[in-house]
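Chain residues, written in single-letter form:
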Amino acid sequence: MRSLELNMGYMLFLSLVAAVGGLLFGYDTAVISGTIGQVTEQFKLNDWQQGWYVGCALVGSIVGVSMAGILSDKWGRKLVMILSALLFSASGIWCAIASDFVHLVWARILGGVAIGIVSIVSPLYISEVAATQYRGRLVSLYQVAVTIGFLSAYIVNYYLLLYSQSNPLLETPILQYIMVSEVWRGMLGMESVPALLFLLVIFFIPESPRWLIVSHKKEKAKGILFRIYRSVQTVEEHIGMTESVLKTESKNSDWSVLSQPGILKAVIIGVCIAILGQFMGVNAVLYYGPSIFENAGLSGGDSLYYQVLVGLVNTLTSILALLIIDKIGRKKLIYYGVSGMILSLIMIGLYFILGEQLQLSSTIMLVFFLAYVFFCAGSISAVIFVLLSEMYPTRVRGLAMSIAGLSLWVGTYLVGQLTPWLLTHLTPGGTFFLFAVMCIPYILIVWKLMPETAGKSLEEIELYWKNGSKRKEVIKRKR
């Protein structure tokens, strides 16, 4: 298909609106890092309670991701994104006014449900409105938005802390309470601003055309697809290909489709890469970065500033990955990136073991951290949502993504809950060595079991999993 036929502006607009959900995901996930010390001190939390403060939102994410696929397959992608925006808004406001630790935990759980929902539905929507040749880049917009959310949270945390330390006097007691005396409330509450924006802009986008086809609303799907492709022939080809694939599934239930040998293999691989990716250190850095920096002897303000630099590298590298993911492919990004992650994690571990003895500057540790973030953001973080959004059959894509997403959030919860304990008992050095070891099975699975999906339509990828061995034989004969 010629690029001139595509309405790139409209396709980009749809993708950007859905990607705002990623910004909220990133903000809600990362904002916790700047509040851990304050909340721990105020509520006198021990290691396990501190882990629960971080991990409770992840429990909510597990709930959200468990129902996101089912709801999006039943109600549509757009309505479920609206639900997530409402939950984000309510969570931010509740966090800002929570009267005690119990209410704060419930508010964080509510935000976690929204994270789980949007982590499935936003990339799913983008993958279903994007043209094949741009799908990797457009779905990667979601991950870029996630990193912008991370960076926004780090910047808000840093400047709100500086502002509160300047001892300002605000006329309104509630603002003095939220923005100064207990500034962590302002950090968490600021999430409601982009959440309300997300709620507004969702009403300006249509439903996913592929979901409309599955729901027997072909005429509506035609109108949306024509706005994207501007070619009647291309629209008819897309609808025909989707309908032909659906006919092979029409007599089966959703769960029986997932249990088919090739599709089951894809689901298992998705589960493995989703859960393993969380044990490679990325969330420990995102959640506990300031605490780790403070362990290295930095002040609270300096540690938050370092975390801003981490967020900046994360965002810029994600943009770089967006530009090259469709050109060099998903698998090569993972090979190069994970190899760099292993080396960086080993160097961070060695710093914590030998840094004091060798009188190494904290700047050296920052360089290792930034290198790790560079390799991570350019590989597994950029690729994971692209792969999960394009691996599964159209009819059960939401359900299959929920299964993989559930494993991702279970892994994220375990990392969030266990990291304080690991840092205390395994030491920071031992913890980062463990993360390095966990990179090895991830790269082996991608190497041996994953196909390269760049340049393939969603229907072609589905046929690959269904006819894997036969397809390989055909490819060999063509060669």
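Because the structure is predicted, anything quoted here is derived from the model rather than measured.

This part covers the overall build of the chain. Along the chain, the regular secondary structure elements total 23 helices and 0 strands. Here the chain holds 479 residues, and the buried ones make up 60% of them. Intrachain contacts of the chain at a sequence separation of at least 6 include 83% that bridge at least 24 residues.

Tracing the chain through its elements places Phe 25 in helix 1 (residues 8–30). Setting aside anything within four residues of it in sequence, one finds Phe 25 in contact with Phe 88, Ile 115, Val 118, Ser 119, Tyr 142, Val 146, Phe 385 and Trp 409.

Before going further, it helps to examine the pattern of salt bridges. Under the definition given, this model contains 9 salt bridges. Linking Asp 73 and Arg 77 is a salt bridge whose minimum nitrogen-to-oxygen distance equals 2.9 Å. A salt bridge links Lys 222 to Glu 236; the nearest nitrogen and oxygen atoms lie 3.3 Å apart. Highlighted residues: Lys 222 in helix 11 (residues 218–229) and Glu 236 in helix 12 (residues 232–247), separated in sequence by 14 residues. For Lys 222, a relative accessible area of 24% puts it in the partly exposed group. Of the residues examined, Glu 236 reaches a relative accessible area of 39% and is grouped as partly exposed. Each of the salt bridges in this network shares a partner with another, and the network as a whole consists of Asp 73, Arg 77 and Glu 128.

Along the chain, Arg 108 turns up in helix 5 (residues 101–129). Taking the relative accessible area as the measure of exposure, Arg 108 reaches 3% and is therefore buried. Sequence-distant contacts of Arg 108, defined by excluding residues within four places in its chain, comprise Asp 28, Val 31, Ile 32, Cys 56, Ala 57, Cys 95 and Leu 188.

Take the nonpolar core next. Residues Tyr 53, Leu 104, Val 338, Tyr 372, Tyr 392, Tyr 442 and Trp 465 are the most contacted members of the largest nonpolar core, which totals 154 residues. Ranked by residue count, the leading element in this core is helix 5, at 16 residues. Sequence-distant contacts of Leu 104, that is, excluding residues within four places in its chain, are made with Val 39, Phe 43, Tyr 53, Cys 95, Ala 98, Trp 184 and Leu 188.

In this structure, Lys 220 sits in helix 11. Under the relative-accessibility criterion, Lys 220 is labelled exposed at 56%. On a C-alpha basis, the gap between Lys 220 and Pro 206 in space is 9.4 Å, while along the polypeptide they are 14 residues apart.

Before going further, it helps to examine the confidence of the model for the chain. Averaged over all residues, the pLDDT of the chain equals 84, while 90% of them reach at least 70. Mean pLDDT per element in the chain: helix 23 (residues 468–478) is the minimum at 44, and helix 4 (residues 77–97) is the maximum at 95. Taken together, the stretch residues 469–479 has pLDDT below 50 and engages in 3 contacts with residues farther than four places along the chain or on a different chain.

Tracing the backbone through its elements, the reader meets Leu 161 in helix 6 (residues 135–165). Given a relative accessible area of 14%, Leu 161 falls into the buried group. Along the primary structure Leu 161 and Gly 186 are separated by 25 residues, whereas in three dimensions their C-alpha atoms are 9.7 Å apart.

One non-glycine residue, Lys 44, lies in the positive phi region at around 55°. Inspection of the secondary structure puts Lys 44 in the loop between helix 2 (36–43) and helix 3 (47–75).

The N-to-C vectors of helix 1 and helix 5 enclose an angle of 155°; their axes lie 9 Å apart at closest approach. Taken together, helix 1 and helix 5 sit at an angle that is classed as roughly antiparallel. Crossing angle aside, the handedness with which helix 1 passes helix 5 is left-handed. On the side of helix 1, the interface is formed by Met 11, Leu 14, Ser 15, Ala 18, Ala 19, Gly 21, Phe 25, Asp 28 and Thr 29, while helix 5 contributes Arg 108, Gly 111, Ile 115, Val 118, Ser 119, Ser 122, Tyr 125, Ile 126 and Val 129. A class-by-class count of the residues in the contact of helix 1 with helix 5 yields 10 nonpolar, 6 polar and 2 charged.

Attention shifts here to the packing of aromatic side chains. Inspection of the entire model under this criterion finds 10 aromatic pairs. Both rings, one in Tyr 53 and one in Phe 101, keep their centres 6.4 Å apart while their planes meet at 45°; by these two values the pair is tilted. Here Tyr 53, found in helix 3, pairs with Phe 101, found in helix 5; they are 48 residues apart in sequence, far enough to count as distant. Judged on exposure class, the residue Tyr 53 and its partner Phe 101 are both buried. An aromatic cluster of three or more residues is present, and its members are Tyr 351, Phe 352, Phe 369, Phe 432 and Phe 435. Over the aromatic face of Tyr 10 sits the side chain of Arg 227, whose NZ or CZ is 4.0 Å from the ring centroid.

Counted at 1.5 Å a residue, the expected span for helix 18 (residues 362–377) with its 16 residues is 22 Å, and the 22 Å between its end C-alpha atoms agrees. Of the positions making up helix 18, those classed as buried are Ser 362, Met 365, Leu 366, Phe 368, Phe 369, Leu 370, Tyr 372, Val 373, Cys 376 and Ala 377.

Moving on, we come to the state of the cysteines. Defined simply, a disulfide is a covalent bond joining two cysteines at their sulfur atoms. Tallying each qualifying case throughout the model produces 0 disulfides. The cysteine Cys 56 is free of any disulfide, with Cys 95 supplying the nearest cysteine sulfur at 8.4 Å.

Taken together, the side chains of Leu 343, Ile 346, Met 347, Leu 350, Ile 353, Leu 354, Leu 358 and Leu 360 define a hydrophobic patch exposed on the protein surface, amounting to about 630 Å² of accessible area. Summarising the element assignment, Leu 360 is placed in the loop between helix 17 (330–354) and helix 18. Overall, Leu 360 belongs to the partly exposed group, its relative accessible area being 32%.

Our focus in this paragraph is the side chain of Thr 234. Take Thr 234: it is sitting in helix 12. At 3.1 Å, the side chain of Thr 234 forms a polar contact with the side chain of Ser 231.

What follows deals with the packing of helix 14 (residues 261–278) against helix 22 (residues 458–466). Between two packed helices, what matters for the description is the angle formed by their axes and the separation of those axes. Their axes nearest at 7 Å, the elements helix 14 and helix 22 cross at an angle of 105°. By the angle class used here, helix 14 and helix 22 are roughly perpendicular. Contacts from Gly 262, Ile 263, Lys 265, Ala 266 and Ile 269 in helix 14 reach Glu 462, Trp 465 and Lys 466 in helix 22. Considering only residue class, the contact of helix 14 with helix 22 consists of 4 nonpolar, 1 polar and 3 charged.

The rules we used
Residues numbered from 1 in each chain as written. Predicted model: local features only at pLDDT ≥ 70, side-chain atom pairs only at ≥ 80, totals over all residues. Heavy atoms only, no water. Helix = DSSP H or I, 4+ residues; strand = E, 2+ residues; numbered from the N terminus. Buried < 20%, exposed > 50% of the residue type's maximum accessible area, 1.4 Å probe, protein only. Contact = heavy atoms within 4.5 Å. Salt bridge = Lys/Arg side-chain N within 4 Å of Asp/Glu carboxyl O. Core = buried A, V, L, I, M, F, W, Y, C linked by side-chain atoms within 4.5 Å. pLDDT = per-residue confidence, 0-100. Axes fitted to C-alpha atoms, helices over the stretch in contact; angles between N-to-C directions. Parallel < 35°, antiparallel > 145°, perpendicular 65-115°, else oblique. Left-handed = near helix turned anticlockwise from the far one by under 90°. Nonpolar A, V, L, I, M, F, W, Y, C, P; charged D, E, K, R; others polar. Phe/Tyr/Trp six-rings, centres within 6.5 Å; stacked < 30°, edge-to-face > 60°. Lys NZ or Arg CZ within 6 Å of the ring centre and 35° of its normal. Expected span 1.5 Å × (residues − 1). Disulfide = S-S within 2.5 Å. Patch = residues over 30% accessible without salt bridge, like charges linked within 9 Å, V, L, I, M, F, W, Y side chains within 5 Å. Areas by Shrake-Rupley, 256 points an atom, 1.4 Å probe, with all protein chains shown as cover. Polar contact = N/O pair within 3.5 Å; in protein donor to acceptor, adjacent residues only side chain to side chain.

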